[in-house]
Amino acid sequence: EDADVNTCIIILEKCKDQKERDENLVRFVYLFKPLRHFIPPAHDMWEKQKQRLDAIGNLIKTILYHNDFYQNDELRIYPKKQSELWDEGFDVEEKKYTGSKWGKYLRAPEIFFKILEKGKDKLVPLKEIADVRRGFTTGVNEFFYLTEEEIKEKGIEKEFWMHKDEDGKWAPNKVIVSPREVKKVVIAPEDLSRVVLFINKDKSKLKNKKVLAYIRHGERKGFSERSTCASRKRWYELEYREPWPILHPMIHHDRQTVVSNKYGIQVDHNLFEIKPKRKRDTLLLLCFLLSTVSMLFKEFGGRVNLGEGALKTEGIDVEKLPVIIKFPKEIRQKLRRLAKKYPSPEVKSIFEDLHADTLKEVALEKVNSARRELDKIIMGDILGLTDDEQLEVYRAVVDLVKSRIEKAKSVDKKGKTKEGIDIELLTRT
């Protein structure tokens, strides 16, 4: 637990028979104690060597003996059929194996596997019920994203930064650039300070318009030469896209920043847009993605190689997030009533939502009412988790989020570790 690196020993055996491979049990083994606890260090004495080989043999026997999940004070064994691992990582559309996150079988707490077992006929990858796309990559945000004050100062015509809403009135093309701008579950135009420009005409048709002067100013600053802009037919043109109803951030800290895009906000590449294949599933999917169970799944589906303890989910990670495939009629009604009761709850840190900073402080009665009522439906009514198991979910999420944030604090903002090593200087050298 105090190591800076995670050592993983992988033992593979080649096999030409596909049926034998498919039936093979892959055993993921997590050791709770140092390897020397199981296998004594090597010595020259024959007697010591024999003890070492016997210890290795005993460890192998223990691992191979268990065909089901097993855990004691020394180790945890999670067997998984090789065919199941193949199916998990096989992309049906691309018709090839693209891989999946196996780390969960080593690192995840027991409650994670209980959820997978209880939800095995209810959970599917998100991409099976919804489409996922990334927001705009502008190539030069300072050109395309402006405040209304900046636009008025430059005199840019409204047709390039506004659109007509359902009532036929002009409304600004508000854009969300960062998950940090999210304050509530439903993102509203007034919560955002910037708009995005959509300039879809040749320069020859922009004569006598202020936007043409703005384009030329951008060219003088070299914006048109930047790779993303240069790849477009018109460097200054972003393709207008109909906004999708659910937003999911790429970078996560300690909040479950899943957003309802009820008002059709435009989206930057820091977030992903999600559109259920059936429109009626939008609210249900949003509810599930806001649940604490989904937060647990995200911790094992994301990537933790960023600074400040941030978790990253790429598009492929979002597509593979487990979600509920079917919601019974009574559950749909419960979730709709809950949405009316809490139309746009505040998005808080998980520690604030649970009113707990440590595992010992976690208690069901302390959980924020909106989150608790949602989780009772998702975890209890749908997945069949008991109150004790739901408590374990909360504890697991607190532990996982706190662990990645605390670990990141070992390197301060100046790039120096607690031991005083200057990382930036080391990199340059």
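Before reading further, recall that the structure is shown in the block above.
In this text the structure is predicted, and so the values were computed from the model without any measurement. (Residues numbered from 1 in each chain as written. Predicted model: local features only at pLDDT ≥ 70, side-chain atom pairs only at ≥ 80, totals over all residues. Heavy atoms only, no water.)

## Describing the side chain of Glu299
Part 1 of the argument: By the element assignment, Glu299 lies in helix H12 (residues 292-301).
Part 2 of the argument: Judged by relative accessible area, Glu299 falls into the buried class, the value being 5%.
Part 3 of the argument: Among the polar contacts listed, one links the side chain of Glu299 to the side chain of Arg404, at a separation of 2.8 Å.
Part 4 of the argument: Apart from the residues lying within four places of it in its own chain, the contact partners of Glu299 are Arg107, Leu311, Leu400, Val401 and Arg404. (Helix = DSSP H or I, 4+ residues; strand = E, 2+ residues; numbered from the N terminus. Buried < 20%, exposed > 50% of the residue type's maximum accessible area, 1.4 Å probe, protein only. Polar contact = N/O pair within 3.5 Å; in protein donor to acceptor, adjacent residues only side chain to side chain. Contact = heavy atoms within 4.5 Å.)

## Quick look at the packing of aromatic side chains
Part 1 of the argument: Inspection of the entire model under this criterion finds 20 aromatic pairs.
Part 2 of the argument: On the numbers, 4.6 Å between centres and 15° between planes, the contact of Phe143 with Tyr214 is stacked. With a gap of 71 residues between them, Phe143 in helix H7 (residues 141-144) and Tyr214 in helix H9 (residues 210-220) connect regions that are remote in the sequence. Of the two residues, Phe143 and Tyr214, both sit in the buried class.
Part 3 of the argument: Of the aromatic side chains, those joined through ring pairs into one cluster are Phe28, Phe69, Tyr78, Trp102, Tyr105, Phe112, Phe113, Phe297 and Phe300.
Part 4 of the argument: The ring of Tyr30 is capped by Arg76, whose NZ or CZ atom sits 5.8 Å from the centre of that ring.
Part 5 of the argument: We note Arg133 situated over the ring of Trp244; from NZ or CZ to the ring centre the distance is 4.0 Å. (Phe/Tyr/Trp six-rings, centres within 6.5 Å; stacked < 30°, edge-to-face > 60°. Lys NZ or Arg CZ within 6 Å of the ring centre and 35° of its normal.)

## Description of the sheet that holds strand S3 (residues 75-81)
As a general point, the strands of a sheet are linked pairwise by backbone hydrogen bonds and lie either parallel or antiparallel.
Part 1 of the argument: Spatially, S1-S3-S2 is the arrangement adopted by the three strands of the open sheet, whose pairing is antiparallel. Each edge of the sheet is formed by a strand with only one pairing partner; in this case those strands are strand S1 (25-31) and strand S2 (70-71).
Part 2 of the argument: Of the pairings in the sheet, the one linking S1 to S3 comprises seven bridges and is antiparallel in character. Bridging from a neighbouring strand, Phe28 pairs with Tyr78 of S3. (Pairing = 2+ DSSP bridges.)

## A closer look at the pattern of salt bridges
Close approach of charged atoms allows side chains of opposite charge to pair.
Part 1 of the argument: All told, the structure shown has 26 salt bridges when counted by the stated rule.
Part 2 of the argument: Glu219 is paired through a salt bridge with Lys203; the nearest N and O atoms lie 2.5 Å apart. Here the residue Glu219 occupies a position in helix H9, and Lys203 occupies one in the loop between strand S12 (194-196) and H9, the gap between them amounting to 16 residues.
Part 3 of the argument: Owing to a relative accessible area of 25%, Glu219 belongs among the partly exposed residues under this scheme.
Part 4 of the argument: Taking relative accessible area as the criterion, Lys203 reaches 31% and is therefore assigned partly exposed.
Part 5 of the argument: Three or more residues joined by partner-sharing salt bridges are found here, namely Lys101, Arg303 and Asp317. (Salt bridge = Lys/Arg side-chain N within 4 Å of Asp/Glu carboxyl O.)

## Quick look at the packing of helix H11 (residues 282-290) against helix H14 (residues 329-341)
Part 1 of the argument: Taken N-terminus to C-terminus, the directions of H11 and H14 make an angle of 75°; their axes are 10 Å apart at the nearest point. As the angle between them shows, H11 and H14 are arranged roughly perpendicular. On the side of H11, the interface is formed by Leu283, Leu284 and Cys287, while H14 contributes Arg332, Leu335, Arg336 and Ala339.
Part 2 of the argument: Of the residues assigned to the contact of H11 with H14, the class counts are five nonpolar, no polar and two charged. (Axes fitted to C-alpha atoms, helices over the stretch in contact; angles between N-to-C directions. Parallel < 35°, antiparallel > 145°, perpendicular 65-115°, else oblique. Nonpolar A, V, L, I, M, F, W, Y, C, P; charged D, E, K, R; others polar.)

## Some remarks on the environment of Asn270
Part 1 of the argument: In this structure, Asn270 sits in the loop between strand S16 (266-267) and strand S17 (271-276).
Part 2 of the argument: Along the backbone, Asn270 and Val177 are 93 residues apart, and their C-alpha atoms lie at a distance of 6.6 Å.
Part 3 of the argument: The residues touching Asn270, leaving out its near neighbours within four places in the chain, are Val177, Pro179, Pro249 and Met250.

## Here we look at helix H16 (residues 369-382)
Within an α-helix, residues lying three or four positions from one another point in the same direction, as the helix has 3.6 residues per turn.
Part 1 of the argument: Taking 1.5 Å per residue, 14 residues should reach 20 Å; H16 reaches 19 Å between its end C-alpha atoms and fits that length.
Part 2 of the argument: Helix geometry: H16 is bent most strongly at Asp375, by close to 25°.
Part 3 of the argument: Among the 14 residues of H16, ten are classified as buried, and the element is accordingly described as predominantly covered.
Part 4 of the argument: Where H16 is concerned, the buried positions are Ala370, Arg371, Arg372, Leu374, Asp375, Ile377, Ile378, Met379, Gly380 and Ile382.
Part 5 of the argument: You can read the cap of H16 off the contacts: a side-chain oxygen lies 2.9 Å from the backbone nitrogen of Ala370, and it is on Asn368.
Part 6 of the argument: Positive phi appears at Gly384, one or two residues downstream of H16, with a value of about 75°. (Expected span 1.5 Å × (residues − 1). Bend = angle between axes of the 7 residues up to and from the residue.)

## Details of the nonpolar core
Part 1 of the argument: Of all hydrophobic cores here, the largest spans 74 residues; its most connected members are Ile115, Leu126, Ile176, Ile274, Leu285, Phe288 and Phe327.
Part 2 of the argument: Sorting elements by how many residues they give to this core places helix H17 (residues 387-408) first, with nine residues.
Part 3 of the argument: Here Ile176 is in contact with Glu181, Val182, Ile187, Leu192, Leu247, Ile265, Gln266, Val267, Asp268 and Leu271, once residues within four sequence places are set aside.
Part 4 of the argument: Among the nonpolar cores identified, the runner-up in size contains 28 residues, and Ile151, Ile156, Ile215 and Leu238 belong to it. (Core = buried A, V, L, I, M, F, W, Y, C linked by side-chain atoms within 4.5 Å.)

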